[in-house]
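Below are the chains, spelled out letter by letter.
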Amino acid sequence: MSAQEKSRDLPGYKVDAVEAWVRENVSGLTPPFEWVQLQGGHSNLTYRLKNADGHEAVIRRPPEGELLPKAHDMGREWSVISALDPTPVPVASPLGFCEDKSVTGSLFYLMSWVDGHSLHAAPHAEEHLPEASRTKAAQSLIDVQVALHSLDPEEIGLDGLGKHDGYVARQLKAWYRSWTASAADSKLEDQRAHDLEAFLTANIPDQGAPRVVHGDYGMHNVLFGADHTVAAVIDWEICTLGDPIADFAYTLNQFTDPSDLEPPPPEAVSALPGFPTRTELATRYAEKSGRDLSLLDYYIAFNHWKTACIVQGVVARYRAGQKSTEGINLDLLDDRVLRSLARATEAVERLQTAS
């Protein structure tokens, strides 16, 4: 038996030390565990734990190495799921949070295991979500977001999660800075990015009362249970306080309308038959939340523009040699940037026509 097998260490985890901490600090969960790494989660080191009694949990810590000051904040995620656990928003229940970095070199936390499937691309939906259940799943996705946006951050102890106003303005500033900084390396420059930024900055709607916004809410960041409704919302890493309609429009942009000038890419979940239209889901959100969506096209444009900036930055890192391009189709990423700019422009044109 090798020294590694004896120590049972895994990337980022001193397994024996972590299991000793769990034994002392988490009730109802007795080591030793079978450790199975889970993919996704913004590169955080996430494992499914299972003991001999069949009890299961999930453990999560940041990636190894030097991190940006606010990246991979385990304490932030822990505070969010702890605050949301008693609310109608389904989350994995918090089990234990370790602030002692000597245990395994980082903060980490444990949460309950939730049986379900995220839908990252069309093949996942084809496998786990029958066509007859796709409307039900999409409606559940929206209903859970309505529940999140109905919560008063102060009442659930998340009043200090972020700034209370200026959410869209800060996002516009940050992502436009990213676009301009990445243009040379990405080899993707497009005047529409600048025109859209100017329009969006000049026409920011009033935000209203701040709400907890997930920031990356969609079928890829929820777990659909056996009944094809949302069993848990996951990956709260970038959530903050902000404009709920901006958060909703990001989710809505993952769906389509018959009037769209271009169909979704074939790998998109919403390219499959059986999902409601974007307009149908917007109507559902408006009716259940009571929010005024008369400026929804502004937020649709903002989110498509933001997506273009994010993906262009990813392309820049690939083309600059900062990330391996093995298995990466840069042409598809280029197309996603241009497609996002086109859809943002369409939304602005709809907004201007309606005004």
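This write-up is about the structure you can find in this document. (Residues numbered from 1 in each chain as written. Predicted model: local features only at pLDDT ≥ 70, side-chain atom pairs only at ≥ 80, totals over all residues. Heavy atoms only, no water.)

1. Topic: the environment of Ala-249
Locating Ala-249 in the fold gives a position in helix 8 (residues 244-252). Overall, the relative accessible area of 0% leaves Ala-249 in the buried class. Separated by 93 residues in sequence, Ala-249 and Ala-342 have C-alpha atoms that sit 16 Å apart. (Helix = DSSP H or I, 4+ residues; strand = E, 2+ residues; numbered from the N terminus. Buried < 20%, exposed > 50% of the residue type's maximum accessible area, 1.4 Å probe, protein only.)

2. As for the pattern of salt bridges
A complete count under the given rule lists 12 salt bridges for this structure. The closest approach of N and O atoms between Arg-60 and Asp-235, which form a salt bridge, is 3.2 Å. Within this pair, whereas Arg-60 is found in strand 3 (residues 56-61), its partner Asp-235 is found in the loop between strand 8 (230-233) and strand 9 (240-242), the two being separated by 175 residues in sequence. Per residue, the accessibility class of Arg-60 equals that of Asp-235, and both read buried. A salt bridge links Arg-343 to Asp-260, with the shortest nitrogen-to-oxygen separation between them at 3.6 Å. Of this pair, Arg-343 sits in helix 11 (residues 330-354) while Asp-260 sits in the loop between helix 8 and helix 9 (278-289), and the two are 83 residues apart along the sequence. (Salt bridge = Lys/Arg side-chain N within 4 Å of Asp/Glu carboxyl O.)

3. Concerning unusual backbone geometry
The amide bond that connects Pro-31 to the next residue, Pro-32, takes the cis arrangement and shows omega of 5 degrees. By secondary structure assignment, the location of Pro-32 is in the loop between helix 2 (15-25) and strand 1 (33-38). A positive phi angle is found at Lys-187, which is not glycine, with a value near 60 degrees. The exposure class of Lys-187 is exposed, given its relative accessible area of 65%. A positive phi angle, near 55 degrees, is found at Asp-235, a position not held by glycine. Assessed through its relative accessible area of 13%, Asp-235 is described here as buried.

4. Considerations on helix 10 (residues 296-319)
With 24 residues, helix 10 should reach 34 Å at 1.5 Å per residue; the first-to-last C-alpha distance of 35 Å fits that figure. Most of helix 10 is tucked away, with 19 of its 24 residues classed as buried. Two residues or fewer after helix 10 comes Gly-321, characterised by a positive phi angle close to 80 degrees. (Expected span 1.5 Å × (residues − 1).)

5. Remarks on the side chain of Thr-104
Along the chain, Thr-104 turns up in the loop between strand 4 (94-98) and strand 5 (108-112). A distance of 2.8 Å separates a polar side-chain atom of Thr-104 from the backbone nitrogen of Lys-14. Those residues in contact with Thr-104 that lie beyond four places of it in its chain are Gly-12, Tyr-13, Lys-14, Val-18 and Arg-61. (Polar contact = N/O pair within 3.5 Å; in protein donor to acceptor, adjacent residues only side chain to side chain. Contact = heavy atoms within 4.5 Å.)

6. Considering the sheet that holds strand 5
With respect to topology, five strands assemble into an open sheet ordered 1-2-3-5-4, the strand pairing being antiparallel. Of all strands in the sheet, those bounded by a partner on one side alone are strand 1 and strand 4. When the angles between neighbouring strand axes are averaged without regard to direction, this sheet yields 20 degrees. As paired strands, strand 3 and strand 5 are joined by four bridges and run antiparallel to one another. Pairing of Arg-60 across the sheet is with Tyr-109, part of strand 5. In the packing of helix 2 onto the sheet, contacts are made with strand 1, strand 3, strand 4 and strand 5, and the angle to strand 1 comes to roughly 110 degrees. (Pairing = 2+ DSSP bridges. Axes fitted to C-alpha atoms, helices over the stretch in contact; angles between N-to-C directions.)

7. As for the packing of aromatic side chains
Counted according to the given criterion, the structure contains nine aromatic pairs. Between Trp-35 and Tyr-47, the aromatic rings sit 5.6 Å apart at their centres with planes inclined by 65 degrees, giving edge-to-face as the arrangement. With Trp-35 in strand 1 and Tyr-47 in strand 2 (residues 45-51), this pair connects stretches of sequence that are 12 residues apart. Comparing Trp-35 with Tyr-47, the two get one shared label, buried. Look at Phe-255 and Phe-275: their rings are 6.3 Å apart centre to centre, the planes differ by 65 degrees, and that puts the pair in the edge-to-face class. Residue Phe-255 is located in the loop between helix 8 and helix 9, and its partner Phe-275 is located in the loop between helix 8 and helix 9; the two are separated by 20 residues in the primary sequence. (Phe/Tyr/Trp six-rings, centres within 6.5 Å; stacked < 30°, edge-to-face > 60°.)

8. Focus: a positive patch on the surface
On the surface, a cluster of positive charge is made up of Lys-163, Arg-170, Lys-173 and Arg-177. By secondary structure assignment, the location of Arg-170 is in helix 6 (residues 167-186). (Patch = residues over 30% accessible without salt bridge, like charges linked within 9 Å, V, L, I, M, F, W, Y side chains within 5 Å. Areas by Shrake-Rupley, 256 points an atom, 1.4 Å probe, with all protein chains shown as cover. Lys, Arg positive; Asp, Glu negative; His and termini not counted. Charge placed at Lys NZ, Arg CZ, Asp CG, Glu CD.)

9. Quick notes on the packing of helix 6 against helix 7 (residues 191-202)
Orientation of helix 6 relative to helix 7, taken along the N-to-C sense of each, is 165 degrees, at an axis distance of 11 Å. By the angle between their directions, the pair helix 6 and helix 7 is classed as roughly antiparallel. The two elements helix 6 and helix 7 meet at a crossing, and its hand is left-handed. Contacts between helix 6 and helix 7 involve Leu-172, Tyr-176, Trp-179 and Thr-180 on the former and, on the latter, Ala-193, His-194, Glu-197, Leu-200 and Thr-201. (Parallel < 35°, antiparallel > 145°, perpendicular 65-115°, else oblique. Left-handed = near helix turned anticlockwise from the far one by under 90°.)

Spatial relationships are all this shows, so hold off on functional conclusions.
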